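Chains, contacts and geometry: an overview
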Amino acid sequence: MRSHAGRRHPLRPQRWWALAALLALTPLGSVSAHATKPLPRVTISGKVLLGDTKAFRTVATVDRRKVFDAIPAVRTLRTEKVARDSARYHFLIYEANREFQRVVGLAALRQSIDLVVEVGGVLAAGIDIIDLTPATMAVLTPGGRS
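First, a word on what this report is: a plain description of the structure on this page. Remember, predicted model here, so these are calculated numbers, not experimental data. (Residues numbered from 1 in each chain as written. Predicted model: local features only at pLDDT ≥ 70, side-chain atom pairs only at ≥ 80, totals over all residues. Heavy atoms only, no water.)

**So, the packing of helix H5 (residues 87–110) against helix H6 (residues 133–140)**
- In the contact formed by H5 and H6, the axes pass within 9 Å of each other and the chain directions differ by 115 degrees. Between H5 and H6 lies a crossing of right-handed hand. Packed against H5, whose contacting residues are Glu 99, Arg 102, Val 103, Val 104, Leu 106, Ala 107 and Arg 110, the element H6 presents Ala 135, Thr 136, Val 139 and Leu 140 at the interface.
- Across the contact of H5 with H6, the residue classes break down as seven nonpolar, one polar and three charged. (Axes fitted to C-alpha atoms, helices over the stretch in contact; angles between N-to-C directions. Helix = DSSP H or I, 4+ residues; strand = E, 2+ residues; numbered from the N terminus. Left-handed = near helix turned anticlockwise from the far one by under 90°. Contact = heavy atoms within 4.5 Å. Nonpolar A, V, L, I, M, F, W, Y, C, P; charged D, E, K, R; others polar.)

Right, here's the structure in full:
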């Protein structure tokens, strides 16, 4: 509100009391207090296969070599000894990578894991690191696909 002279009126006394009561009821001590449980320390040095390193709750590792060896496209590459400069080689590599991403994503989804890193690529203190390789291999089997 403005007076006739163009100056602002100070807050009315009722508003000051309301503001003082609100501040008195706000627990300022709880805002500055820290948690009693220490935050986990996670160091990621390997390749991230799935998820976001800045926002995750559970961490798992996957042995890429073991999973790739079980993918049918990779087995075809090795048994047929496909030349690296052929179109078939690149098609099979594309299929293998696509299948790898699919099975890792599905295994992580089934176990509610939101960060997957290659084996040996994560050090964590304060949280458990889950080995997702067996679950990923299970998805590769004909009975595990969905």
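We are not done yet, so read on.
**A look at the sheet that holds strand E3 (residues 59–62)**
- Strand order in this open sheet of four strands is E2-E4-E3-E6, and the pairing throughout is mixed. Every other strand in the sheet has two partners, leaving strand E2 (48–51) and strand E6 (129–131) as the edge strands with one partner each. On average, adjacent strands in this sheet sit at an angle of 25 degrees to one another, irrespective of strand direction.
- In this structure, E3 lies alongside E6, joined through three bridges in parallel fashion. Among the inter-strand pairings, Val 59 is bridged to a residue of E6, identified as Ile 129.
- Where H5 meets the sheet, its contacts fall on E2, E3 and strand E4 (115–118), and the angle it forms with E2 comes to roughly 50 degrees. (Pairing = 2+ DSSP bridges.)

**Topic: the packing of aromatic side chains**
- This structure, assessed with the given rule, holds one aromatic pair.
- A ring pair is formed by Phe 68 and Phe 100, whose centres lie 4.6 Å apart and whose planes are at 15 degrees; its orientation type is stacked. Remark: Phe 100 occurs in helix H5 and Phe 68 occurs in helix H3 (residues 64–70); sequence separation between them is 32 residues. We note that Phe 68, like Phe 100, is buried. (Phe/Tyr/Trp six-rings, centres within 6.5 Å; stacked < 30°, edge-to-face > 60°. Buried < 20%, exposed > 50% of the residue type's maximum accessible area, 1.4 Å probe, protein only.)

**Considerations on unusual backbone geometry**
- Although it is not a glycine, Lys 81 adopts a positive phi angle of roughly 50 degrees.
- Counting through the fold element by element, Lys 81 comes out in the loop between helix H4 (72–80) and H5.
- Phi at Ser 112 takes a positive value of approximately 55 degrees, unusual for a residue other than glycine.
- Structurally, Ser 112 can be placed in the loop between H5 and E4.

**So, the nonpolar core**
- In terms of nonpolar packing, the biggest core is built from 25 residues, with Val 62, Val 67, Ile 71, Phe 100, Val 116 and Leu 132 touching the most fellow members.
- Counting residues per element, the ones that place at least two in this core are E3, H3, H4, H5 and H6.
- Broken down by element, this core gets its largest block of residues, nine residues, from H5.
- If sequence neighbours within four positions are ignored, Val 67 has contacts with Val 62, Phe 100, Val 103, Thr 133, Thr 136, Met 137 and Leu 140. (Core = buried A, V, L, I, M, F, W, Y, C linked by side-chain atoms within 4.5 Å.)

**Section: the packing of H4 against H5**
- Running from amino to carboxyl end, H4 crosses H5 at an angle of 150 degrees, the nearest separation of the two axes being 8 Å. Taken together, H4 and H5 sit at an angle that is classed as roughly antiparallel. For the pair formed by H4 and H5, the contact residues are Ala 73, Val 74, Thr 76, Leu 77 and Glu 80 on the first element and Arg 88, Tyr 89, Leu 92, Ile 93, Glu 95 and Ala 96 on the second.
- Tallied by class, residues from the contact of H4 with H5 come to seven nonpolar, one polar and three charged. (Parallel < 35°, antiparallel > 145°, perpendicular 65-115°, else oblique.)

**Focus on the side chain of Thr 136**
- Within the secondary structure, Thr 136 is located in helix H6.
- Classification of Thr 136 by relative accessible area gives buried; the value is 0%.
- In terms of polar contacts, Thr 136 uses its side chain to reach the backbone carbonyl oxygen of Leu 132, at 2.8 Å.
- If sequence neighbours within four positions are ignored, Thr 136 has contacts with Val 62, Val 67, Val 103, Val 104 and Ala 107. (Polar contact = N/O pair within 3.5 Å; in protein donor to acceptor, adjacent residues only side chain to side chain.)

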